[in-house]
Protein chains: 2
Amino acid sequence: MTNQAAKPDARSKLLDAALVVIRTKGYCATTVDELCAAAGVTKGAFFHHFKSKDALGVAAAEHWSEITGALFAKAPYHDHADPLDRVLGYVALRKALLQGGVPEFTCLVGTMVQETYETTPAIREACERSISGHAATLEADIEAAMRDRRLSPAWSATSLALHTQAVLQGAFILAKAKGGAEIAADSIDHLTRYLELLFSSETIQPQS
Amino acid sequence: MTNQAAKPDARSKLLDAALVVIRTKGYCATTVDELCAAAGVTKGAFFHHFKSKDALGVAAAEHWSEITGALFAKAPYHDHADPLDRVLGYVALRKALLQGGVPEFTCLVGTMVQETYETTPAIREACERSISGHAATLEADIEAAMRDRRLSPAWSATSLALHTQAVLQGAFILAKAKGGAEIAADSIDHLTRYLELLFSSETIQPQS
DNA sequence: CGCACCATACCGACTAGTTGGTATGTTGTC
DNA sequence: GACAACATACCAACTAGTCGGTATGGTGCG
């Protein structure tokens, strides 16, 4: 009601454009001119708000964290009474989000960190914060689910939370290679099955 | 004995250099001049053997398939009598291969496809063939393990084989973000646990 | 009010250097 | 001497980043 989409300034137009263009073409292949054209601003505006292309990369990763953070924070999977259902609900939401073209459902920071992890420490760190911060939002529910079922396994809640992110990131790579979301969905199904098996106290093999 | 390392020509020196440099800096950020310098050849040699940078990208993906194909073909995990042990042995080998720096143990085609999937179809297809071809080498063992245990589950051998690749690719992204192999190893442990749970006929929860 | 003063936001032409690619040799070998 | 395998010199296009300038709006003061 107040503002936001009313009259976005050059900075937020550039950040929004970065999400689209970088996920489509990759960070390196995205030029400053292209970003400016996509955002409808000039190069002067770009370097007024960001002191370099790398600085925009860092800001884009932080912008990504905010947008995705808000999306998952208000998602209904948090309403489940059983913490395991909350974790499974999260994974189900990730599968449901596989809509539209590949550049639209894949992850900005996963894409950027692959290109910059050895060459641009600032971007690598921003991507690391984004991934680890997001994984951390799953930890409390995983720990609660472990307590409920009195598990004290060899693995930690942290490692399982990060594993969910690994499966998602890997699923995105397969989707990019194959040109479609189908295998990504299959991989997320395998992740769901893993979580169910891990936490099932009876663990009867779901046969035939 | 015959040749190979004896007197490598410019072409194979360039392909070997590409494996190192592209995995370190990414495809786009790797320049032709840099590749030539790393290989110890000149630009003339480069464009004598490859008609463009993209053509080298395709050839590098194929070179990667050959090298990794040979590595896994002669690995001892094939000797296990139980097909499930062969699959688990494969995953254990993937964990054991997490040695050296991050650029040394990560995957060339996973890196390249992220940057090129929307812009360079030829490279995307070469990467897809590499990943799917490698996953296919696991399918027969997975199917045999399913038959042995009389499983007829909702998932297919193909999707499980590809899921192992998704976990590995995702583990590489986390390793790049975190700057170390540890979380990658954790994720591979989760994959091993998934396979054990999936195929265990008793499926007693491994507690404590 | 009216006006000087100043900061922020933005513009777009320009530059210095880099990039993929080419054109033209040179050299060894069958 | 013909051809493959390279080397050297070069180019046109593009790239990130710069720089002088403008537009707008707030603030203090007489």
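You'll find the structure just up there.
Residues numbered from 1 in each chain as written. Chains lettered and ligands numbered in written order. Predicted model: local features only at pLDDT ≥ 70, side-chain atom pairs only at ≥ 80, totals over all residues. Heavy atoms only, no water.

Chemist: So what's going on with the relation of the copies chain B and chain A? Which residues, and what values?
Modeler: Under the fitted operation, chain B is carried onto chain A by 0.0 Å of movement along the axis and a turn of 180°, and the coordinates agree to an RMSD of 0.1 Å. With respect to symmetry, the two chain copies, as superposed, fit the operation of a two-fold axis. In terms of C-alpha distance to the rotation axis, chain B has B:Gly170 as its closest residue, with the C-alpha 1.9 Å off the axis. Of the interface residues in chain B, 98% have counterparts in chain A that sit at the interface too, so the contact is made through matching surfaces. (Least-squares fit on C-alpha atoms with pLDDT ≥ 70 in both. Contact = heavy atoms within 4.5 Å.)

Chemist: Provide a residue-level description of the protein's contact with DNA strand D, including the pertinent values.
Modeler: Surveying the vicinity of DNA strand D reveals 15 residues, the closest of which are A:Val32, A:Lys43, A:Lys53, B:Thr42 and B:His49. Those atoms of DNA strand D that come within 4 Å of the protein belong to sugar or phosphate at a rate of 54%. Here A:Lys43 contributes a side-chain N or O atom positioned 2.7 Å from a base nitrogen of DNA strand D. A distance of 2.8 Å separates a phosphate oxygen of DNA strand D from a polar atom in the side chain of B:Thr42. Those elements giving two or more residues to the surface near DNA strand D turn out to be helix H3 (43-49) of chain A together with helix H3 (43-49) of chain B. Top contributing element to the surface near DNA strand D by residue count: H3(B), with four residues. Looking at the surface near DNA strand D, its residues break down into five nonpolar, seven polar and three charged. (Near = heavy atom within 4 Å. Polar contact = N/O pair within 3.5 Å; in protein donor to acceptor, adjacent residues only side chain to side chain. Helix = DSSP H or I, 4+ residues; strand = E, 2+ residues; numbered from the N terminus. Nonpolar A, V, L, I, M, F, W, Y, C, P; charged D, E, K, R; others polar.)

Chemist: Run through unusual backbone geometry, naming residues and quoting values.
Modeler: Residue and element names in this part refer to chain A. At Arg-150, a residue that is not glycine, the phi angle is positive and equals roughly 55°. Summarising the element assignment, Arg-150 is placed in the loop between helix H8 (121-148) and helix H9 (157-178). Classification of Arg-150 by relative accessible area gives exposed; the value is 66%. (Buried < 20%, exposed > 50% of the residue type's maximum accessible area, 1.4 Å probe, protein only.)

Chemist: Describe the pattern of salt bridges, listing the residues and the values that go with them.
Modeler: Here the structure, examined in full by the defined rule, presents 14 salt bridges over all chains. Among the salt bridges present, the one from A:Arg129 reaches A:Glu62, with a minimum N-O distance of 3.7 Å. One end of the pair, A:Arg129, is in helix H8; the other, A:Glu62, is in helix H4 (residues 53-73), and 67 residues separate them in sequence. The class for A:Glu62 is partly exposed, based on a relative accessible area of 38%. In this structure, B:Lys178 and A:Glu128 form a salt bridge, with 3.2 Å as the shortest nitrogen-oxygen distance. Placement of the pair is B:Lys178 in helix H9 (residues 157-178) and A:Glu128 in helix H8, with the two residues belonging to separate chains. Taking relative accessible area as the criterion, B:Lys178 reaches 35% and is therefore assigned partly exposed. A:Glu128 gets classed as buried once you look at its relative accessible area, which sits at 18%. (Salt bridge = Lys/Arg side-chain N within 4 Å of Asp/Glu carboxyl O.)

Chemist: For the protein's contact with DNA strand C, give the residues involved together with the corresponding values.
Modeler: Lining the immediate environment of DNA strand C, one finds 15 residues, of which A:Gly44, A:His49, B:Val32, B:Lys43 and B:Lys53 sit closest. Contacts to DNA strand C include A:Ala10, whose backbone N or O atom sits 3.4 Å from a phosphate oxygen. Going through the elements one at a time, H3 of chain A together with H3 of chain B are the ones with two or more residues in the surface near DNA strand C. At four residues, the largest contribution of residues to the surface near DNA strand C is made by H3(A). Taken together, the residues of the surface near DNA strand C sort by class into five nonpolar, seven polar and three charged.

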